[in-house]
Number of protein chains: 2
Amino acid sequence: MSLQHALLGVLEARPMNGYELTRFFEAAPRWVWSAPHSQIYPTLRQMEQAGLIEGQKEIRGTKLTRTVYSITDRGLEELRAWTGTDHAAPPVRDAFFLQALFFDMIDQDRAASVLKTHLAEQEQLIAEWGAHRDALLAKDTDLLKERLKSRPPAEHDRIARLKAHVFAGQIAVARARADWARESLRILSEDT
Amino acid sequence: MSLQHALLGVLEARPMNGYELTRFFEAAPRWVWSAPHSQIYPTLRQMEQAGLIEGQKEIRGTKLTRTVYSITDRGLEELRAWTGTDHAAPPVRDAFFLQALFFDMIDQDRAASVLKTHLAEQEQLIAEWGAHRDALLAKDTDLLKERLKSRPPAEHDRIARLKAHVFAGQIAVARARADWARESLRILSEDT
DNA sequence: TACACCATGTAAGTGGTTACATGATTGA
DNA sequence: TCAATCATGTAACCACTTACATGGTGTA
């Protein structure tokens, strides 16, 4: 159900069509949820049926149509309710740590290469999320600016800080993984 | 495909039937992968067809049959190949951080309650993984003892340390999340 | 003899992946 | 006029969830 809430969360900032939302969710990282357009379009139609969002058909040029969706009051309510509810932790299922569990069965070189790739990926994420976090703190992202338009100016700082803080959380997790990978590389080579 | 490799990884220690494997994977946390029995039994049959494992039918009492699976050479090879391969990082999809992104839209009390629940869950995980890690270091888990029987004694320490280290990784991630949740609680109350 | 545990299944449904498919518009 | 981008879809497949279903065995 989370894709629906992720979509609601973006549409809360401003109305968008499927294509814009797709750019958001397909650009994989730099955010907290990802999804391909093949999942987004049907979900949007479902959500409209459920009354969470409202679609407005528009025409660009002479034939190309697009449907711009905006969040409804019911959608806002649903987003708030979901955000304020405790959800059971998802089952543990981490392919990378699973892989690492069997490092004793393979060459050190191979294991080291897997670790280095993971390390690079995590550092990439840290950099991207870091940039996004800074942009949020400076209130310098398209979406945040839109969002703040409908909030009292006195709250702008607080909102920006809260949003930025979420990315600090993702960064903290990625850093823990990166540090662990670095330590693992040390342990592997020590044993030689 | 990871469930298959998780199963191979357990069967590498010793042959087991579906029920035993289920106890392993359904007891949710305390390990790195989880799956219900409804997924495990069909997967085992698939893996047998693929030649990764071999089933041996046994009879307990007069009628109750069980199939004990053991890993084959092909299975071992597959596990080693998978373990030594770089796999693309899974798409970012973290429901908890998604929820946190919208904390500015709800009451501080509600947000704090969600954070506290998450904190408790993470601390639970840290405790369980910590216990498992200690047991591994002491070479005092059923599975590890079985596993070590087929390895040269000179390697026992190294293997135990590597396995334990994986749980240290999971703990590090959980701790990062717990610390972040604690910090978030501080930030929320500061703003009051 | 009743209860906890052993043992294994099926089936419907959901969320996500991957691939295929089509066509319009804009700007260099 | 060509390429990049805009815009939206369908369909097959896979992993996982949830619920339903059945019956045997050991022991208190």
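Look up a bit, the structure's there.
Scoring rules and cut-offs
- Residues numbered from 1 in each chain as written.
- Chains lettered and ligands numbered in written order.
- Predicted model: local features only at pLDDT ≥ 70, side-chain atom pairs only at ≥ 80, totals over all residues.
- Heavy atoms only, no water.
- Phe/Tyr/Trp six-rings, centres within 6.5 Å; stacked < 30°, edge-to-face > 60°.
- Buried < 20%, exposed > 50% of the residue type's maximum accessible area, 1.4 Å probe, protein only.
- Helix = DSSP H or I, 4+ residues; strand = E, 2+ residues; numbered from the N terminus.
- Near = heavy atom within 4 Å.
- Polar contact = N/O pair within 3.5 Å; in protein donor to acceptor, adjacent residues only side chain to side chain.
- Nonpolar A, V, L, I, M, F, W, Y, C, P; charged D, E, K, R; others polar.

Colleague: Teacher, can you tell me more about the packing of aromatic side chains here?
Modeller: The relation between two aromatic rings is expressed through the spacing of the ring centres and the mutual angle of the planes. A complete count under the given rule lists twelve aromatic pairs over all chains for this structure. Summarising the aromatic geometry, the rings of F24(A) and W31(A) are spaced 5.3 Å apart at their centres and angled 90° between planes, so their arrangement reads as edge-to-face. With relative accessibility at 22%, the residue F24(A) sits in the partly exposed group. Where F97(B) meets W180(B), the ring centres are 5.1 Å apart and the plane angle is 80°; that geometry is what we call edge-to-face. Residue F97(B) is located in helix α5 (residues 95-101), and its partner W180(B) is located in helix α8 (residues 156-190); the two are separated by 83 residues in the primary sequence.

Colleague: What am I meant to see in the protein's contact with DNA strand D here?
Modeller: What surrounds DNA strand D is a group of 26 residues, the closest being Y19(A), H37(A), S38(B), Q39(B) and T62(B). With respect to DNA strand D, the backbone of G18(A) contributes an N or O atom lying 3.3 Å from a phosphate oxygen. The contact in question runs from a sugar or linking oxygen of DNA strand D to an N or O atom on the backbone of T65(A), over 3.5 Å. Every element with two or more residues in the surface near DNA strand D is listed here: α2 (18-26), α3 (37-49) and β3 (64-71) of chain A together with α3 (37-49) of chain B. Here the surface near DNA strand D is built from residues that sort into nine nonpolar, ten polar and seven charged.

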